[in-house]
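Each chain is listed here by its residues.
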Amino acid sequence: MAVATAKKTNNGKPGPKHNIEAIREAYYERIAKRDMAPLWKVMNSVVTKEPVTRCQPVVWHYNDVKSLVMESGGLITAEEAKRRVLILENPALHGESKATNTLFAGIQMILPGEVAPAHRHVAAAIRFVLDGEGAYTAVDGEKAYMSPGDFVITANWAPHDHGNTSKKPMLWLDVLDFPAVNFFEASFAESFDEPTLETTRQNGDSLSLYGSGVLPDGAWDKSYTPVINYTYARTRPIVERMMAAGDIDKRHGARVHYANPVTGGPVLPTMGAWLAMFPKGFKGERYRATDGTIFVCVEGQGSTTVDGKALEWGPNDVFVVPPWKHYSHNVAKESILFSISDRPAQKALGIWREG
Ligand code: 1HN
């Protein structure tokens, strides 16, 4: 046997190179049959010196996206589709339903008179409204009527349905954490018998009760924010005020994060979101962090350079900055960018880094 020969001729030490390679290969094959493998062959690729990402920088321009999404309205109803969503697939991750390795992004459309039936799932969702006025999402018994720029949360396991009682189509960006949930293989989902759930609270209750600098007596001890709709009408003037006051970060502009008013922490344990305003001519310093980020241009025009590649953006364009890639914003017109990432999840696990 080859192994015995090597031992005999070298007193237990490895044999000559040509011999030892063959012996090792035979050994690897033998241990593979027992579901084992040598760490020394893969150590540098499983514990990398720096983050390695398959995710690519990419932009989806709203002009293309909108007409293609509108076309889907003639192909399938919201009721049949359950959710009429076109997935924004990272070009390096086709077929995986991912914009980044941990986040799903898609554009959902709901036409006048349609209902997207009630269901719930462990994956949490953030919706950012792009187009239309006055369709609603009902979350946990409260209806939120939405306008462009509104930021709406559907937390882990919260029952939700959508409806459009307006006269215009409504389109929004959906970002879900299901790729992260599926990494843990912890997904559950269920639908309800009734397509539309009964409301148990007044419209606007959650923002009114929790988003006004006071908090109702009694504990809110959930892992997510009690506010379901952070309206653009309220958040835009805040970044505008910060910018007017000169409170402008050299990388991120005049920026706020959407906060859970009870804890000051992120809105969801898995995903965080920000809104930033930039003055005309802003040339941002470069930045990188381990959270891959999905941006939406809410207003304005500019470009974001990612690893030397410029992504040009205008209103309602969506773009992705992969983890640990240097990026900087260049702003042609006064602009507002919304962004979402998995930073809270990474921070909770103690793995988030920037720099
Ligand atoms: C979902 O439930 C919604 O509730 C939107 O509106 C997008 C993408 C994947 C899986 C479930 C929604 C989704 C989704």
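This text follows the structure it describes.
First things first, this report covers the structure right here in the doc. Computed from a prediction, not measured in an experiment: that's the story for all the values here.

Thresholds, definitions, all that
- Residues numbered from 1 in each chain as written.
- Predicted model: local features only at pLDDT ≥ 70, side-chain atom pairs only at ≥ 80, totals over all residues.
- Heavy atoms only, no water.
- Buried < 20%, exposed > 50% of the residue type's maximum accessible area, 1.4 Å probe, protein only.
- Helix = DSSP H or I, 4+ residues; strand = E, 2+ residues; numbered from the N terminus.
- Arc of directions from axis to C-beta.
- Pairing = 2+ DSSP bridges.
- Axes fitted to C-alpha atoms, helices over the stretch in contact; angles between N-to-C directions.
- Core = buried A, V, L, I, M, F, W, Y, C linked by side-chain atoms within 4.5 Å.
- Contact = heavy atoms within 4.5 Å.
- Salt bridge = Lys/Arg side-chain N within 4 Å of Asp/Glu carboxyl O.
- Near = heavy atom within 4 Å.
- Polar contact = N/O pair within 3.5 Å; in protein donor to acceptor, adjacent residues only side chain to side chain.
- Areas by Shrake-Rupley, 256 points an atom, 1.4 Å probe, with all protein chains shown as cover.
- Nonpolar A, V, L, I, M, F, W, Y, C, P; charged D, E, K, R; others polar.

Some points on helix 4 (residues 62-72)
Line of reasoning, step 1. Within helix 4, the full set of buried residues consists of Tyr-62, Val-65, Val-69 and Ser-72. The arc that holds every buried residue of helix 4, seen down its axis, measures 85°, which confines them to one face. Exposed residues lying more than 90 degrees from the buried face of helix 4 are Asn-63 and Glu-71.

Description of the sheet that holds strand 11 (residues 189-191)
Line of reasoning, step 1. Reading across the sheet, the five strands line up as 7-6-9-4-11 and stay open at both edges, with antiparallel pairing between neighbours. Bordering the open sheet on either side are strand 7 (142-145) and strand 11, each of which pairs with just one other strand. Looking at each pair of strands side by side, their axes are set apart by 25° on average, direction ignored.
Line of reasoning, step 2. As paired strands, strand 4 (residues 115-121) and strand 9 (residues 160-164) are joined by three bridges and run antiparallel to one another.

Examining the nonpolar core
Line of reasoning, step 1. In this structure, Phe-151, Leu-173 and Phe-338 are the most contacted members of the largest nonpolar core, which totals 48 residues.
Line of reasoning, step 2. Here this core takes four residues from helix 8 (residues 232-244), the largest share from any one element.
Line of reasoning, step 3. Leave out the neighbours within four places in its chain, and Phe-338 touches Ile-126, Phe-128, Phe-151, Tyr-258, Ala-273, Trp-274, Leu-275, Ile-294, Phe-295, Val-296 and Val-298.

Side note on the pattern of salt bridges
Line of reasoning, step 1. Inspection of every chain in the model, using the stated rule, returns 14 salt bridges.
Line of reasoning, step 2. With its nearest N and O atoms 3.0 Å apart, the salt bridge here joins Glu-96 to Arg-54. Taken together, the positions of Glu-96 in the loop between strand 2 (85-87) and strand 3 (104-110) and Arg-54 in the loop between helix 3 (43-46) and strand 1 (58-60) put the pair 42 residues apart, joining distant regions of the chain.
Line of reasoning, step 3. For Glu-96, a relative accessible area of 31% puts it in the partly exposed group.
Line of reasoning, step 4. Residue Asp-131 pairs with Lys-66 through a salt bridge whose shortest N-O separation is 3.2 Å. Of this pair, Asp-131 sits in strand 5 (residues 125-131) while Lys-66 sits in helix 4, and the two are 65 residues apart along the sequence.
Line of reasoning, step 5. Overlapping salt bridges, with partners in common, bring together Arg-54, Glu-96 and Lys-98 in one network.

Let's talk about the site of the ligand
Line of reasoning, step 1. Taken together, Arg-83, Phe-104, Gln-108, His-119, His-121, Arg-127, His-160, His-162, Asp-174, Leu-176 and Phe-178 make up the full set of residues adjacent to the ligand.
Line of reasoning, step 2. Arg-83 places a polar side-chain atom, nitrogen or oxygen, 2.8 Å from an oxygen atom of the ligand.
Line of reasoning, step 3. His-160 places a polar side-chain atom, nitrogen or oxygen, 2.8 Å from an oxygen atom of the ligand.
Line of reasoning, step 4. For the ligand, whose accessible area on its own is 330 Å², the fraction buried by protein is 83%.
Line of reasoning, step 5. For the shell around the ligand, the elements supplying multiple residues, two or more each, are strand 3, strand 4, strand 9 and strand 10 (170-176).
Line of reasoning, step 6. Split by residue class, the shell around the ligand holds three nonpolar, five polar and three charged.

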